[in-house]
Amino acid sequence: MTRLSKSKFLFQIILLAVLLVVLVGLDISLGTVKIPFRSIVGFLFSDSVLSRQQELILLDFRIPRVVTALLAGAALSVSGLQMQTIFRNPLAGPYILGISSGASLGAALVLLGTGAMATGIFARWGIVAAAWIGAASVMFILLLVTIRIRNIMTILILGIMFSSGLSAVISLMQYFGNAAALKSFVIWSMGSLGAVSGSALSVMLIAIVPGLLIALLSVKGLNAMMLGEEYAGSLGVSVRTTRVLVFASTSILAGTVTAFCGPIGFIGIAVPHITRFLTGRSDMRFLVPATLLVGMIVLVFSDIISQVPGSDRILPINAITSLIGIPVVVWVVISSKKLFN
Amino acid sequence: MGDESFSILTFEDLWLGYLPGEYLLKQASDEVRTGEMIALAGRNGTGKSTLLRTIAGIRKPARGNVMLQQRSLFSSPPYELSRNISFVATGTNLVENLTVFEMVSLGRHPYTNWWGNIRDKDRRKIHESIHFVGMEDFTHARVHRLSDGERQRVMIAMSLAQDTRIMILDEPTAFLDIPNRIGILEVLHKLKSHGRTVIFSTHEFDNIFSYADKVWVIHEQKLVTGAPEDLGLIGTYEAMFSDSGVAFDTDNLRFLREGHYHRSVELTGDGILRYWTRRALERGGFRVSDQQETRGLPQEESVEKMQKDTGETSKKKTGENKQDDVAAIRVDIDAGKDTSAWNVLTAGTVRTFHTLYDLMAFLTHIV
């Protein structure tokens, strides 16, 4: 980056951060019980200006929920950006290529296999580990396929088939599971940002932060990979190391989010494009942090929408993110010359 | 760069192939010297790109080794390799939204830290490289908005920013128009005078004969090397195309269509008019018997000379052609002050034409 673009970069990042803070504030204060924004700020910086009830809602529900949204938004969008870069495919993403389904299958195996017992911290890690393994397996198969097949559309169709196949396996498993296991699985699979709290949230945090750090470590490699593996290699970038880093990071990020919040679609594929469009950049040193922020913004925004301000209904988050993400994907498909080359 | 004939890259008994037992290239050996410009030629699918990738250290050979000053490319750490050899692949990689500066700065990767931070020294090198390829006015332009020629310059600038002693380019002039092609080759040639070693593949023979110090030709799984003219002398270019319906005319460094010349025409006149008339006639499938050059030579030799000129080698054809060969058609160029005319003498009548287009329309019609 030249000096000029470096300061512009900082300006854009600050702007995104400010927007994020505003949305987080809104997300916390809105809901069935309205908590004025001013009292929240007061609560954070001085002693209680809130009623006991408001304080409970804030600490037990609103804050864990918004932290979950922040983590999931960052994780899904960064994993999408990484996938789009190493597959050199603008339509890659954890959901559309079946990484999330792989994670779902892993989680389903644990949930349906152990019955309703999956509630303690040990079981939490069990689900997360199974989701990682599921995500990593799909990622691995995709990497093997892309060595042979370069065509973007072919890989995409294979990914969708894969994802549908895994869903079919999961529904068969549901058919054979017992009633209690089924119930806990169905609740999980509906996906929600509100279901993660307490110990589960700390597990999610412990898993996602390293995943994001690995993504930041692979920024230089990702930049070179934009040009293709051949160029990356001749620029002295170890293609294998970059692949392994991205592989690990994507599996951890997408796997963890799926394990805790259920499948959340279209954030991974759409957010990198929204970020590129908003900032006009492709340099990964900029794009990775910016995508992370935009991912948080989009998911917190989706969360606000899902609570239908002014009512006490909560809509499924997956539906909201799909409705936001799909138009972006359609726009990418229509406007990208690359897809048809 | 003191020692000009310093050998920098060598390979010996190199075998290349994708399948076990099937080789594209066998027993290739050569030595590359500092400051040389080497052109690689060969028919499609003979392994030009594979050879370039191998000597760039990107893919391993089936057998043999490539040495960068006594050290194998394949046992050097990647960063060391990337500081010595850069590679530009065919075509250009379109990365949307990257500026020329950002794209070229990727070439500094071997020198930057884990984050790819650009320091002042790198920045200077990047600007120098952009300037070198004449793209300074486009420094902050987005690469996907550039033309093919401009993009190719950016790719070369990126490779320049890598600051390597050896630059390897796979068909850098493919898809470019003539001014862009010459422009790219001039840039590469200028690099040579800066002590860089440039190795590039091409299908265009005028590139080779105008710029290369050395040529590598892959033919029948062998690597033939030498000065471009050396290979002309030993008939490598003719051999390259011997089975393809194309003949290489060593006198004019031109390709001729074999089996295309079925009628002879006697042509009088000289200078530029003669040159263009001859080209038109040859395009239309007429062999031109050289009135001036053949004057005074016995008939037999003249026929032989004609065949050599046009790359016509089939002896059988000579017999068949003999009947109509005896100057059944004659074209006289009437060079006027403002306009010129072509008089065609055939079957005892004379017709006059004022453009080569009309002349060719008539000749093609009567044949």
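For every chain, the first residue of the written sequence is number 1, and numbering continues from 1 onward in sequence order. Chain A is the first chain written and ligand 1 is the first ligand written, with later ones labelled in order. Given that the model is predicted, a residue must reach a pLDDT of at least 70 before its local features are reported, and side-chain atom pairs must reach 80 or more before they are shown or counted; all residues, however, enter totals for whole chains, interfaces and linings.

Enquirer: What's the story with the overall build of chain A in this structure? I'm lost.
Expert: Helix and strand labels come from DSSP, where a helix needs a run of H or I of at least four residues and a strand needs a run of E of at least two; each type is numbered from the N terminus. Secondary structure summary: chain A contains 14 helices and 0 strands in total. A compact globule built from 341 residues should have a C-alpha radius of gyration of about 20 Å, and chain A, at 20 Å, falls within 12% of that. Dimensions of chain A, computed from the C-alpha atoms along their principal axes, are close to 60 × 60 × 35 Å. A separation of at least 24 residues holds for 77% of the contacts in chain A among residues at least 6 apart in sequence. Within these notes, the globule rule equals 2.2 Å times the number of residues to the 0.38 power, and the radius of gyration is based on C-alpha atoms. Here contacts are defined at the residue level, using C-beta atoms placed from the backbone and a cut-off of 7 Å between them.

Enquirer: Looking at this model, I keep getting lost on the overall build of chain B. Mind explaining?
Expert: Counting secondary structure elements, chain B contains 14 helices and 17 strands. With C-beta atoms placed from the backbone, a residue counts as buried when 20 or more other C-beta atoms lie within 10 Å of its own, as exposed when 12 or fewer do, and as partly exposed for counts between those limits. For chain B, buried positions account for 37% of its 367 residues. Across chain B, contacts joining residues at least 24 apart in sequence account for 59% of those joining residues at least 6 apart.

Enquirer: Help me out: how do you make sense of the sheet that holds strand 6 (residues 85-88) of chain B in this one?
Expert: All names here are of chain B. Strand pairing follows a simple DSSP-based rule, namely that at least 2 bridges must link the two strands. Taken in spatial order, the 6 strands make up an open sheet running 6-7-8-3-9-10, and their pairing is mixed. The open sheet has two edge strands, strand 6 and strand 10 (222-226), and neither has a second partner. Recorded for the sheet is a direction-independent mean angle of 15° between the axes of neighbouring strands. Where strand 6 meets strand 7 (residues 166-169), 4 bridges bridge the pair, whose relative direction is parallel. From the neighbouring strand, Phe87 faces strand 7, where its bridge partner is Ile168. As a rule, the C-alpha atoms of each element are fitted with a line to give its axis, helices using only the stretch in contact, and angles between N-to-C directions run from 0 to 180 degrees. Most of the contacts of helix 1 (residues 48-55) go to strand 3 (residues 37-42), to which it runs at about 145°, and overall it touches strand 3, strand 7, strand 8 (197-201) and strand 9 (214-219).

Enquirer: Can you walk me through the pairing of strand 4 (residues 63-68) of chain B in this structure?
Expert: A regular strand places its side chains so that they alternate between the two faces of the sheet. Residues and elements named next belong to chain B. Relative to strand 4, strand 1 (residues 7-16) runs antiparallel, the two sharing 5 bridges. What sits directly across from Leu9, in strand 4, is Leu68. Here strand 4 pairs with strand 5 (residues 71-72) via 2 bridges, running antiparallel. Bridge pairing links Met67 to Ser72 in strand 5.

Enquirer: Any chance you could explain the sheet that holds strand 2 (residues 25-33) of chain B here in plain terms?
Expert: Hydrogen bonding along the main chain pairs the strands of a sheet, whether they run parallel or antiparallel. Residues and elements named next belong to chain B. A sheet is described by the order of its strands in space; here 4 strands give the open sequence 2-1-4-5, paired in antiparallel fashion. Two strands in the sheet have a free side with no partner beyond their single neighbour: strand 2 and strand 5. As defined by bridge partners, strand 1 adjoins strand 2 across 6 bridges and the pair is classed as antiparallel. Each bridged residue has a counterpart across the sheet, and for Leu16 the counterpart in strand 2 is Leu25. Sheet contacts for helix 1: strand 1, strand 2 and strand 4; angle to strand 1, the most-contacted strand, approximately 130°.

Enquirer: So what exactly am I meant to see when it comes to helix 14 (residues 317-335) of chain A here?
Expert: It helps to recall that an α-helix has 3.6 residues per turn; residues three or four apart then point in one direction. All names here are of chain A. Between its terminal C-alpha atoms helix 14 stretches 27 Å, which fits the 27 Å expected from 19 residues at 1.5 Å a residue. Bend is the name given here to the angle between axes fitted to two runs of seven residues, the run ending at a residue and the run starting at it. Bending of helix 14 peaks at approximately 25° at the position of Gly325, with proline Pro327 no more than four residues after it. Among the residues of helix 14, Ile317, Asn318, Ile320, Thr321 and Gly325 are the ones counted as buried. Elements that come into contact with the buried residues of helix 14 comprise helix 12 (267-279) and helix 13 (284-306). By definition here, a helix of n residues has an expected span of 1.5 Å times n minus one.

Enquirer: Hey, could you run me through the interface of chain B and chain A in this one?
Expert: Where interface size is given, it is often the accessible area lost as the parts come together that is meant. With 24 residues of chain B at the contact, the number on the chain A side is 25 residues. When contributions to the side of chain B that touches chain A are tallied by element, the ones reaching two or more residues are helix 2 (78-82), strand 6 and helix 3 (100-105) of chain B. Of the residues forming the side of chain B that touches chain A, the biggest block, 4 residues, is contributed by helix 2 of chain B.

Enquirer: What am I meant to see in the environment of B:Leu25 here?
Expert: All names here are of chain B. Along the chain, the position of Leu25 falls in strand 2. Residue Leu25 is classed as buried on the basis of its C-beta count, with 24 C-beta atoms lying within 10 Å. Separated by 23 residues in the primary sequence, Leu25 and Lys48 have C-alpha atoms spaced 9.4 Å apart. Apart from residues no more than four positions distant in its own chain, Leu25 is found in contact with Leu14, Trp15, Leu16, Gly47, Leu51, Ile218, Gln221 and Leu223.

Enquirer: Help me understand the confidence of the model for chain B in this model?
Expert: Residues and elements named next belong to chain B. Per residue, pLDDT measures the predictor's confidence, with a range of 0 to 100. This prediction gives chain B a mean pLDDT of 84; 85% of its residues lie at or above 70. Segment residues 293-326: pLDDT under 50, and 23 contacts once partners within four positions in sequence are set aside and those in other chains are kept. In the predicted assembly, ipTM is 0.82 and pTM is 0.81.

Enquirer: Honestly, the environment of B:Arg263 in this entry has me stumped. Any pointers?
Expert: Residue and element names in this part refer to chain B. You can see Arg263 is positioned in strand 13 (residues 263-268). Judged by the 17 C-beta atoms lying within 10 Å of it, Arg263 is partly exposed. Residues Arg263 and Lys125, 138 residues apart in the sequence, show an inter-C-alpha distance of 60 Å.

Enquirer: Can you help me understand unusual backbone geometry in this one?
Expert: Note on backbone geometry: most residues besides glycine have negative phi, and most peptide bonds are trans. Even without being a glycine, A:Phe266 presents a positive backbone phi close to 70°. With respect to the helices, strands and loops of the structure, A:Phe266 is situated in the loop between helix 11 (239-261) and helix 12.

Enquirer: Where do I start with the nonpolar core in this structure?
Expert: The tendency in soluble globular proteins is for nonpolar side chains to be buried as a group. What makes a nonpolar core is a set of buried Ala, Val, Leu, Ile, Met, Phe, Trp, Tyr and Cys residues, with links drawn between C-beta atoms within 7 Å. Residues A:Ala72, A:Ala75, A:Ala107, A:Val300, B:Val104, B:Ala157 and B:Ile168 are the most contacted members of the largest nonpolar core, which totals 169 residues. The biggest single contributor to this core is helix 13 of chain A, with 15 residues. Once residues lying within four places of it in the same chain are set aside, the contact partners of A:Val300 are A:Leu23, A:Val24, A:Asp27, A:Val66, A:Ala69, A:Leu70 and A:Gly73. Counting 10 residues, the second-largest nonpolar core is a separate cluster that includes B:Leu281, B:Phe286, B:Trp342 and B:Leu363.

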